[in-house]
Amino acid sequence: MRYRADEERYGRQPYNRSGRSGLRLPAVSLGLWHNFGDDRPVENSRAILRRAFDLGVTHLDLANNYGVPYGSAERTFGRILREDFIPYRDELVISTKAGYDMWPGPYGEWGSRKYLLASLDQSLGRMGLDYVDIFYSHRPDPDTPLEETMGALDRAVRSGKALYAGISNYSPEQTAQAARIMRELGTPLLIHQPSYSMINRWIEDGLLDTLEEAGMGCIVFSPLAQGVLTDRYLKGVPADSRAATSRFLTPDRIDRELARDLDEIARGRGQTLAQMALSWTLRDPRVTSVLIGASSVAQLEDNVACVDGPAFTEDELEAIDKITGPRAAGGR
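What counts and how
Residues numbered from 1 in each chain as written. Predicted model: local features only at pLDDT ≥ 70, side-chain atom pairs only at ≥ 80, totals over all residues. Heavy atoms only, no water. Buried < 20%, exposed > 50% of the residue type's maximum accessible area, 1.4 Å probe, protein only. Helix = DSSP H or I, 4+ residues; strand = E, 2+ residues; numbered from the N terminus. Pairing = 2+ DSSP bridges. Right-handed = clockwise from strand over helix to strand, strands pointing away. Phe/Tyr/Trp six-rings, centres within 6.5 Å; stacked < 30°, edge-to-face > 60°.

Caption draft 1: View of the pairing of strand β6 (residues 132–137). When you tally the buried positions in β6, you get 6 out of 6 residues, the bulk of the element. For strand β5 (residues 93–98) and β6, the ladder comprises 4 bridges, and the chain directions are parallel. Counterpart to K97 in the pairing with β6 is Y136. In this fold, the crossover linking β5 to β6 by way of helix α3 (residues 113–127) has right-handed handedness.

Caption draft 2: Quick peek at the packing of aromatic side chains. Here the structure, examined in full by the defined rule, presents 8 aromatic pairs. Both rings, one in Y3 and one in F85, keep their centres 5.1 Å apart while their planes meet at 55 degrees; by these two values the pair is tilted. On the criterion of sequence distance, the pair formed by Y3 in the segment before β1 (15–17) and F85 in helix α2 (residues 72–85) is long-range, its members being 82 residues apart. Of the residues examined, F85 reaches a relative accessible area of 3% and is grouped as buried. For the ring pair Y3 and Y88, a centre distance of 5.9 Å and an interplane angle of 65 degrees mean the geometry is edge-to-face. Here Y88 lies in the loop between α2 and β5 and Y3 lies in the segment before β1, a separation of 85 residues in the sequence. When sorted by exposure, Y3 lands in the same class as Y88, which is buried.

Here it is in structure tokens:
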């Protein structure tokens, strides 16, 4: 059946301005990292994307190496875009990134001009797009001058293959330097994408201040700490869980006592633990949007409902800090 978007979609969540730019992003955005590769049924991916858009999720975040195998998330999304979302292209903010390993050899990762611009062309081809809305440097390159990496982002925008430029996983100092270079080039950085959660609070130590000063937005990933901040592990490690099957999360990284303590606060707020964890990342107005992943429509709906939660009281924030503060981890 041909997809027709819900006419009420724009009344279902707030849209926040990204820094001092003119672009507004939904409070909750959808990341296509784990659940949109060739190893997942395309109809499940289609159902998630349709429901996300109906819930007002207009921002879809990808990277060149998302999916199994690399590139398959972009191909899956390109197919669904062509079949379902072409009439809505101008209502979507689509982002992709390059920086981590993508193909063999010295030109297949990091931050050189050759890699970034070649990767962008490949991503556009896989998705069937003329341009992406945001193109990111996915991580800083210790061996390439920052001027070269930022020059590649500037070129991507000036060529019309990206509307905005962003960075991800950059430290406060690297972010300030990158923002200065891009201002001088005439293509200000739109946004930074760092990891952030109740148990990974590194961006509070300078990065948010740097972004505010630079006029950049902030869209955070891993707000649920790979599932640790959900009810998934409250009673143990299920055999089919990410902790049991993925290299990105191992059982030794799960603190069930912490999760149970936080879950008690969440239930007092009328939220699931996941909803509270997402709401918590959005409590600071400098955070433009939070990225969620979803393996099912039900999980998507539960997570997006975080925008309906109550504001945090000072007592709740103090209780959360008491539980998570000493155990807060560093960035990726």
